[in-house]
Structures are given as structure tokens and as C-alpha cells.
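What follows is each chain in one-letter form.
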Amino acid sequence: MPQKSLETLNYRVQSYNRSLRWASLKSASSHFDKESQNELIEKVAKRMEKEKIVDYSIVNTAISDDKKNSDVVVEFTYYTILHQNVLKQRELQSWVYENKSKSWYLASFKSL
């Protein structure tokens, strides 16, 4: 994998998670894969209604052999708006590389 592509992935992952940290749905949605965009916007909007992320850390990044997919494990520190309890949760984010734009996009995420 070219170094630039790896740097782009790292930048996109950090930028997306920073957008979540600052509760910017508009900024976060710019990182979504077009095929999954509507579903991801809905999922993130629902999360933002219930939770406030106060910190995050990238735990692990794995890239497929063909260099077109990446699984990123992120740990969030957040509180629930209703109860104000501080919690930690890990999430698996699946990213895909798009040749046309030479960039990475979030295709899906799920709690671990």
C-alpha cells in the first residue's frame, strides 16, 4: 500500500471520529460511503441524541491484503445524556478505499 493511502486512511479516521467528538453530523457524514450514507446518517443522528462523546482513541487498524478495506477499532468515552454516566465502548468501523477519489470512506460500524 502506498504510504499516502495509509496516511489518508489515518487522516480520515481521525477526522471522522473528531467530528463525532464535536457532535458535528454534517462533518461526520462527509466521511460516509455513498452506498451506506442514508443509513449511517440515521444511526449517527440517533446516537447523538442519546450520547455525548468526550474522548476517543484508535485501538487498532487492520488493512485487507488487497488494500481496499480496513477495519478500525475505536474506543469511545462518552456519557448518556439522560443519566450522565460516563462509559466506555469499543466500536468496529469498516472503511473502504475508493480509487476514483483516492480516499477512504466509512461503510459501516458496530459496537463490540
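Notes on the structure in this doc start here. (Residues numbered from 1 in each chain as written. Predicted model: local features only at pLDDT ≥ 70, side-chain atom pairs only at ≥ 80, totals over all residues. Heavy atoms only, no water.)

## Overview of the overall build of the protein
A tally of helices and strands in the protein yields three helices and four strands. Beginning at the N terminus, the succession of helices and strands in the protein can be written as α-α-α-β-β-β-β. Taking 13 Å as the expected radius of gyration for a compact globule of 112 residues, we find that the protein reaches 14 Å, a close match to that expectation. Principal-axis analysis of the C-alpha atoms places the extent of the protein at approximately 45 × 25 × 20 Å. Put simply, the protein has 112 residues, and 36% of those count as buried. In the protein, 47% of the contacts between residues at least 6 apart in sequence involve partners at least 24 apart. Accessible area of the protein: about 6900 Å², with a carbon and sulfur share of 49%. (Helix = DSSP H or I, 4+ residues; strand = E, 2+ residues; numbered from the N terminus. Rg over C-alpha atoms; globule rule 2.2 N^0.38 Å. Buried < 20%, exposed > 50% of the residue type's maximum accessible area, 1.4 Å probe, protein only. Contact = heavy atoms within 4.5 Å. Areas by Shrake-Rupley, 256 points an atom, 1.4 Å probe, with all protein chains shown as cover.)

## Notes on the pairing of strand 2 (residues 69–80)
Taken together, the 11 bridges between strand 1 (residues 51–63) and strand 2 define a ladder with antiparallel strand orientation. By the bridge assignment for strand 2, Glu-51 is matched with Thr-80. Bridge count between strand 2 and strand 3 (residues 86–98): 11 bridges; the pairing is antiparallel. When the bridges of strand 3 are listed, Thr-77 appears paired with Lys-88. In this antiparallel pair of consecutive strands, strand 2 and strand 3, the connection spans five residues, and Gln-84 shows a positive phi of 60 degrees. (Pairing = 2+ DSSP bridges.)

## Here's the deal with unusual backbone geometry
Comment: phi is negative for the bulk of residues other than glycine, and the bulk of peptide bonds are trans. Of note in this structure, Ala-23 is not a glycine but carries a positive phi near 55 degrees. In this structure, Ala-23 sits in the loop between helix 1 (3–21) and helix 2 (25–29). Residue Gln-84 is not a glycine yet carries a positive backbone phi of 60 degrees. With respect to the helices and strands, Gln-84 occurs in the loop between strand 2 and strand 3. Residue Gln-84 is classed as exposed on the basis of its relative accessible area, which comes to 52%.

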